[in-house]
Structures are given as C-alpha cells and as structure tokens.
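Notes for the structure review
As a plain string of letters, each chain reads:
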Amino acid sequence: MAEFTKLVPEYVRTLAGYTPGKPVRQAEQESGVRCIKMASNENPFGPSPRAVEAIRAAAEQANYYPDNDTVDLRLKLAERFHVKAEQVLVTAGSTELINDLARILLRPGLNAITSRLSFIIYPIATKASGGALLEVPMRDNSYDLDAIAAAIDKNTRLIYLANPNNPTGTIFDAAELDRFLDRVPENVIVALDEAYSDFATYFAGTRGVVYSHALQYMRAGRQNLVVLRTFSKAHGLAGLRVGYGFGTAELMGYLGRVRTTFSVSSVAQAGALAALEDEAHVRRALDNNAAGATYLTRAMAEMGYSMPPTWANFMYVDIGEEAAPVARRLQEEGVIIRPLAPWGAPNAIRVTIGTPEQNELFVSAFRKIMEVPSGEYQVPR
Ligand SMILES: Cc1ncc(COP(=O)(O)O)c(C=O)c1O
C-alpha cells in the first residue's frame with residue numbers, strides 16, 4: 001500500500017480546503033424552497049448578452065485547443081489599460097495567478113504576508129507552495145499597511161493585498177499604497193489584488209477619493225508590483241474562469257511558464273473579449289450596486305446593525321452572535337449568504353449586493369430571523 005504520509009508533504013496534508021458559497025441547487029435541495037444566491041459576490045444580472053452570444057459562437061469550435069497565449073485578449077487589455085502586451089498575463093480566474101505567484105516565489109523557509117480576515121485563497125496558495133503565511137491583524141476592519149511593512153523579514157518574498165478587501169469591503173487609497181510601497185524592499189513582490197476595482201473606482205468617483213495608482217506604476221515599469229484583475233465580478237463571468245494580471249514582462253514570463261497550459265478555454269477568451277466591449281452592461285451593474293449598497297446600509301442601520309462602508313459588491317456585517325445558525329435560517333427563507341467562521345470571524349456575515357428585489361428579500365428574511373419588530377423600522381426607499 002502506498003504510504004501517502006511519506007509521499008505527500010505535511011504542508012499539503014494539513015491544507016484546509018476552500019469552502020465555497022453554497023450553489024443554489026444544493027441549497028434548494030436542502031431547504032425545500034426557491035433560493036437566491038447572495039454568497040459569492042457574483043453579478044446579479046448575469047453575463048453581458050454580447051458575451052453570451054460570443055460564448056455560443058466559440059462553443060462551435062470547442063474541438064480545437066484554445067490560444068495558449070491568449071493573444072487577442074492580451075492585446076485588447078494592453079490597449080484598454082495602456083500597458084505593453086508583454087506586461088499582461090491572462091489566467092483561469094485571478095485565483096490561478098494568486099496560486100502561481102506563490103508557486104514561483106515561495107518554498108519551505110520563505111514567507112508571504114497578508115492581513116487577517118482577507119481573501120481565503122491567500123493561505124491556501126501560500127501553504128500549498130510550502131511557504132509560511134504571516135497574517136497581520138487589521139485596524140478598523142481594514143488592512144494595516146504599517147504593520148504589514150513592519151512584518152517584512154529576510155525570508156519574505158510576497159505580500160498579498162486585497163483592495164478592496166474581501167470580506168470587509170474596505171480599501172486603502174492610492175496615497176496609502178504609495179507610502180507603503182516606499183517601505184517594501186525590491187526583492188519582495190507585492191501582489192495587489194484589485195478584483196473589485198470597477199466597484200471601488202465607481203465609489204471613489206462619488207466619494208472624492210483617489211482609489212488606485214496601480215496602472216501608473218505598471219506604465220512606469222515598477223518592478224516589484226503585480227496587479228490582479230478579474231472578469232468574475234463586474235463583468236459577470238465567474239463561471240468561465242478568466243482573470244488577468246499586469247507586471248513586468250520578465251515576471252509575467254516566468255508566471256506564464258508555470259501557468260497550466262491551455263488553462264483559459266477558447267470559450268472563456270471569447271466571452272471575456274465580448275464582455276470588455278459591453279460597457280453598458282458593466283455600468284448597469286455598478287449603478288445597481290451603488291443603489292443597493294445605500295439601501296442595505298440604511299435598512300441594516302434601521303435594525304441596529306452598522307457596517308463598514310463598502311467599496312465592493314458586498315456588505316460585511318458583524319451581527320454580534322454566531323453567524324452560522326443565522327445563515328442556515330436565512331437559507332430556509334430562500335437567501336444564501338456567507339457566514340464567515342472559515343475566515344476567522346464567527347459572528348460576521350458577508351452579503352452580496354443583489355438586484356433591488358433580492359436585497360429586499362434579504363432584508364425581510366433577516367428582519368424575520370433576527371426578530372426585529374416590524375413596527376420599529378421601515379425599509380427606506
Ligand atoms: C479579493 C479577491 N481576489 C480574487 C478573487 C478571485 O476571483 P477569480 O474568480 O478571478 O479567481 C476573488 C473572488 O471572490 C476575491 O474576492
């Protein structure tokens with residue numbers, strides 16, 4: 001019999017797997033009611049119709065392998081963001097890039113740094129590479145960049161920063177990142193994860209904040225910064241698995257070599273290209289998201305729950321009691337949200353901002369479960 005305890009390294013055997021948001025079909029089978037999913041920060045309007053059309057057309061050619069260099073999409077992204085094509089790498093979701101960064105930069109004895117209560121893939125990616133992960137405490141539900149800079153040691157090779165952060169929805173602004181980057185040694189790579197950049201840019205415009213200089217850094221040839229983006233959020237293509245990163249041509253080249261060959265399917269490339277063209281679809285999602293954030297913030301405040309202002313397409317709520325049973329009861333009412341015990345926040349939930357109808361359904365289910373007397377509040381309009 002194979003002795004897997006000897007074959008598989010301990011850091012792999014002890015890996016905690018990813019806990020995904022519950023799929024609608026599974027929740028419906030469990031609860032016996034129709035469910036809506038507000039658990040995985042997806043676009044509630046679905047993909048752009050133009051993307052769907054391109055996906056259908058590409059499906060006809062699915063007998064052929066995809067373009068492994070994703071040339072059309074890379075050129076389009078380079079043109080859109082005014083960077084060189086060699087600075088762009090397209091991957092199977094930004095998750096693939098998060099993993100590949102750890103794979104090429106870490107090994108046993110080296111470490112990565114991130115914040116506590118941040119994206120749950122960072123620990124998995126880091127530990128799977130054999131490296132250690134230092135998780136620095138937060139300050140006011142936000143990244144504490146000073147503490148992260150202070151935690152860098154001679155074995156640090158990689159820093160993951162989620163901006164906005166998942167699950168708290170908070171950001172650090174462009175000036176804060178500038179100051180932080182001044183403190184990071186050249187041989188430490190900063191992976192700036194801007195999966196929710198479309199939402200943050202929108203909110204920044206309405207709130208008078210400068211959100212990010214990330215692309216200026218790329219155009220200026222900054223060596224130790226990689227910027228991660230995705231088609232999974234504002235563009236509504238989470239199921240297709242397309243993300244991308246910007247970095248130096250040299251680093252993108254190394255990442256391209258370890259990337260799983262053909263990981264971005266031809267259908268995904270076609271869908272992403274078409275989605276980039278449909279700015280009206282993205283705009284609709286962003287407008288709806290801002291209105292939904294206002295509505296949910298007010299409705300929750302009326303019920304006595306405050307939350308950090310969101311810069312993304314979800315709300316983080318500390319409900320002051322164990323969240324897992326509340327999530328189960330919400331599911332019985334037909335609403336799937338994310339209880340955050342796997343993130344280390346057992347009293348918190350994360351709720352994706354949905355359509356107006358979905359948001360109202362969540363609010364009325366939450367009010368019922370938390371037994372907020374209906375006379376005491378009115379859902380604001
Ligand atoms: C902060 C952050 N980064 C990256 C991702 C991964 O996105 P993708 O679907 O591109 O792998 C997510 C998805 O939830 C996220 O929240």
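Residues numbered from 1 in each chain as written. Predicted model: local features only at pLDDT ≥ 70, side-chain atom pairs only at ≥ 80, totals over all residues. Heavy atoms only, no water.

Some remarks on the sheet that holds strand β11 (residues 338–339)
Strand order across the open sheet formed by three strands is β9-β12-β11, with antiparallel pairing between neighbours. In this open sheet, the two strands that pair with only one neighbour each are β9 (314–318) and β11. Both β9 and strand β12 (residues 348–352) contribute to a ladder of five bridges, which runs antiparallel. Residue pairing in the sheet places F314 in a bridge with T352 of β12. (Pairing = 2+ DSSP bridges. Helix = DSSP H or I, 4+ residues; strand = E, 2+ residues; numbered from the N terminus.)

Quick look at the domain arrangement of the protein
Each domain of the protein was delimited in the assignment, giving domain 1 (7–46 + 280–369) and domain 2 (49–278). Between the C-alpha centres of domain 1 and domain 2 there is a distance of 23 Å. The interface of domain 1 with domain 2 comprises 33 residues on the first partner and 36 residues on the second. Summed over both sides, the interface between domain 1 and domain 2 buries roughly 3000 Å², with carbon and sulfur atoms accounting for 68% of that surface. Joining domain 1 to domain 2, the criterion identifies zero salt bridges. When residues of the side of domain 1 that touches domain 2 are traced back to their parent elements, those giving at least two are α14 (279–302) and β9. It is α14 that contributes the most residues to the side of domain 1 that touches domain 2, 10 residues altogether. Classifying every residue of the side of domain 1 that touches domain 2 gives 20 nonpolar, nine polar and four charged. (Domains from an automatic or database assignment. Contact = heavy atoms within 4.5 Å. Buried area = accessible area lost by both parts, 1.4 Å probe. Salt bridge = Lys/Arg side-chain N within 4 Å of Asp/Glu carboxyl O. Nonpolar A, V, L, I, M, F, W, Y, C, P; charged D, E, K, R; others polar.)

Remarks on the site of the ligand
For the ligand, the full set of nearby residues is G93, S94, T95, F119, N166, D193, A195, Y196, T230, S232, K233 and R241. Y196 is positioned with one of its side-chain polar atoms (N or O) 2.7 Å from an oxygen atom of the ligand. Side-chain polar atom of S232 to an oxygen atom of the ligand: 2.6 Å apart, as the coordinates give it. Tallying contributions element by element places helix α6 (residues 93–105) first for the shell around the ligand, with three residues. Here the shell around the ligand is composed, by residue class, of three nonpolar, six polar and three charged. (Near = heavy atom within 4 Å. Polar contact = N/O pair within 3.5 Å; in protein donor to acceptor, adjacent residues only side chain to side chain.)

Quick word on the environment of Y196
Tracing the chain through its elements places Y196 in the loop between β6 (189–193) and α10 (197–207). The exposure class of Y196 is buried, given its relative accessible area of 4%. It is 22 Å that separates the C-alpha atoms of Y196 and A85, two residues lying 111 residues apart in sequence. (Buried < 20%, exposed > 50% of the residue type's maximum accessible area, 1.4 Å probe, protein only.)

Structural notes on the side chain of S94
Counting through the fold element by element, S94 comes out in helix α6. Under the relative-accessibility criterion, S94 is labelled buried at 9%. When sequence neighbours within four positions are dropped, the list of residues in contact with S94 reads L228, R229, T230 and G243.

Observations regarding helix α4 (residues 49–59)
Restricting attention to buried positions, one finds in α4 the residues A51, I55 and A58. The arc that holds the buried residues of α4, viewed along the axis, is 65 degrees, so those residues lie on one side. When the buried face of α4 is taken as reference, the exposed residues oriented beyond 90 degrees from it are P49, E53 and R56. At the N-terminal boundary of α4, the capping side chain belongs to S48, with an oxygen 3.0 Å from the backbone nitrogen of R50. (Arc of directions from axis to C-beta.)

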